[in-house]
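One letter stands for each residue in the lines below.
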Amino acid sequence: MPLSSPRYTVLAKLVEEFAAVFADEFLHIGGDEMQLACWDAAPHIKAFMAANHLADSVHLQAYFETKFLKMVKHAKRRPIVWADSLQAIGQVLPQNVVVEVWNNLTLLGEALDSGRDALLALGWYLDRQVPVENETHWFWLDTWADMYAVDPNPPSAGEGAGATAHARDRGAPSVPWKMAKTVVTGPGSVVASPPPAP
């Protein structure tokens, strides 16, 4: 819940701790796949939004992210957000935010056109590499053939952006997390399923 004061205290401590432990310049703060319907349905959150002149749950997300981004700045780290944040609340994201694109290649161009640096994760989820019966792509799984086929260059950016946009394209991380469980039951038969619901 984005309006809990203790939550901000905990987040600030976590950001401080991450900054102390990890020397990296960047801190990924997420912001993808926001499920806002629960906020829209909660009377106390709706009352908070009304009292703070927040028109809707997207403005509440912006309220939360603005506070979170100040913590990251205070820790002298550069935030990375998923492209979902740029689409939903781009108006409150500072220009130094790096946008990581995971689900739509055209968003790479949009991120670069906004003047921000960008990363392209789309196509390089290393946990998704299970071909079936010589198919190079199967359901939600990215295979090695798919990974080699991804063009890491940004799509043509806006008029005149050219070399400047390419300079802000910070590359492509390989994402190693495990989001599916794979069971091998015999030669040539692989069953993959999404993780169970929490």
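Everything quoted here is computed from the prediction, not taken from an experiment. (Residues numbered from 1 in each chain as written. Predicted model: local features only at pLDDT ≥ 70, side-chain atom pairs only at ≥ 80, totals over all residues. Heavy atoms only, no water.)

1. Considerations on the side chain of Gln-61
- As for its placement among the helices and strands, Gln-61 is situated in helix 4 (residues 57–74).
- Non-local contacts of Gln-61, meaning those with residues more than four positions away in its chain, are made with Gly-31, Met-34, Leu-36, Trp-39, Ser-85, Ala-88 and Ile-89. (Helix = DSSP H or I, 4+ residues; strand = E, 2+ residues; numbered from the N terminus. Contact = heavy atoms within 4.5 Å.)

2. Examining the sheet that holds strand 4 (residues 117–120)
- The parallel open sheet is built from four strands, whose spatial order is 1-2-3-4. Each edge of the sheet is formed by a strand with only one pairing partner; in this case those strands are strand 1 (26–30) and strand 4. In this sheet, neighbouring strand axes are inclined to one another by 30° on average, regardless of whether the strands run parallel or antiparallel.
- Relative to strand 2 (residues 78–82), strand 1 runs parallel, the two being bridged by four bridges. Across the sheet, Gly-30 pairs through a bridge with Val-81, a residue of strand 2.
- Strands strand 1 and strand 2 of the sheet are contacted by helix 4, whose axis makes an angle of about 165° with strand 1.
- Here helix 6 (residues 106–113) sits on the sheet and contacts strand 3 (98–101) and strand 4; the angle it forms with strand 4, its principal contact strand, is near 165°. (Pairing = 2+ DSSP bridges. Axes fitted to C-alpha atoms, helices over the stretch in contact; angles between N-to-C directions.)

3. Examining helix 3 (residues 43–51)
- Among the residues of helix 3, those classed as buried are Ile-45, Phe-48 and Met-49. With its buried residues spanning 100° around the axis, helix 3 presents them on a single face. Opposite the buried face of helix 3, at more than 90 degrees from it, the exposed residues are Pro-43, Ala-50 and Ala-51.
- In this fold, the buried residues of helix 3 make contact with helix 2 (37–41) and helix 4.
- Phi turns positive, to about 55°, at His-53, one or two residues after helix 3. (Buried < 20%, exposed > 50% of the residue type's maximum accessible area, 1.4 Å probe, protein only. Arc of directions from axis to C-beta.)

4. A closer look at the pattern of salt bridges
- If you walk through the whole model with that rule in mind, you get one salt bridge.
- The salt bridge involving Asp-117 is made with Arg-78; its shortest N-O contact spans 2.8 Å. One end of the pair, Asp-117, is in strand 4; the other, Arg-78, is in strand 2, with 39 residues separating them in the sequence. (Salt bridge = Lys/Arg side-chain N within 4 Å of Asp/Glu carboxyl O.)

5. Examining the packing of helix 1 (residues 5–21) against helix 4
- Contact geometry for helix 1 and helix 4: axes closest at 9 Å, N-to-C directions at 35°. In this structure, helix 1 crosses over helix 4, and the sense of that crossing is right-handed. Here Tyr-8, Leu-11, Ala-12 and Val-15 of helix 1 lie close against helix 4, whose contacting residues are Tyr-63, Phe-64, Lys-67, Phe-68, Met-71 and Val-72.
- Looking at side-chain class alone, the contact of helix 1 with helix 4 contains nine nonpolar, no polar and one charged residues. (Left-handed = near helix turned anticlockwise from the far one by under 90°. Nonpolar A, V, L, I, M, F, W, Y, C, P; charged D, E, K, R; others polar.)

6. Structural notes on the confidence of the model for the chain
- Per-residue pLDDT for the chain has a mean of 77; in total, 65% of the residues score no lower than 70.
- Confidence scores differ between elements of the chain, with strand 8 (residues 189–193) showing the lowest mean pLDDT of 44 and strand 2 the highest of 94.
- For the stretch residues 157–161, pLDDT sits under 50, and the model shows four contacts to residues farther than four places along the chain or on other chains.
- Throughout residues 186–198 the model reports pLDDT below 50, and contacts reaching past four residues in sequence, or to other chains, amount to 22 contacts. (pLDDT = per-residue confidence, 0-100.)

7. Observations concerning the environment of Gln-95
- Counting through the fold element by element, Gln-95 comes out in the loop between helix 5 (83–89) and strand 3.
- When the C-alpha atoms of Gln-95 and Asp-117 are compared, they prove to be 8.4 Å apart, with 22 residues separating the residues in sequence.
- Within the structure, Gln-95 has its side chain in polar contact with the side chain of Arg-116 (distance 3.3 Å). (Polar contact = N/O pair within 3.5 Å; in protein donor to acceptor, adjacent residues only side chain to side chain.)

8. Side note on the packing of aromatic side chains
- Tallying each qualifying case throughout the model produces four aromatic pairs.
- A centroid spacing of 5.4 Å and a plane angle of 75° characterise the contact between Phe-48 and Tyr-63, whose relative ring orientation is edge-to-face. Taken as a pair, Phe-48 in helix 3 and Tyr-63 in helix 4 lie far apart in primary sequence, 15 residues in all.
- Connected via pairs of aromatic rings, a cluster forms that spans Tyr-8, Phe-64 and Phe-68.
- In this arrangement the basic side chain of Lys-67 is found over the ring face of Tyr-8, its NZ or CZ atom lying 5.1 Å from the centre. (Phe/Tyr/Trp six-rings, centres within 6.5 Å; stacked < 30°, edge-to-face > 60°. Lys NZ or Arg CZ within 6 Å of the ring centre and 35° of its normal.)

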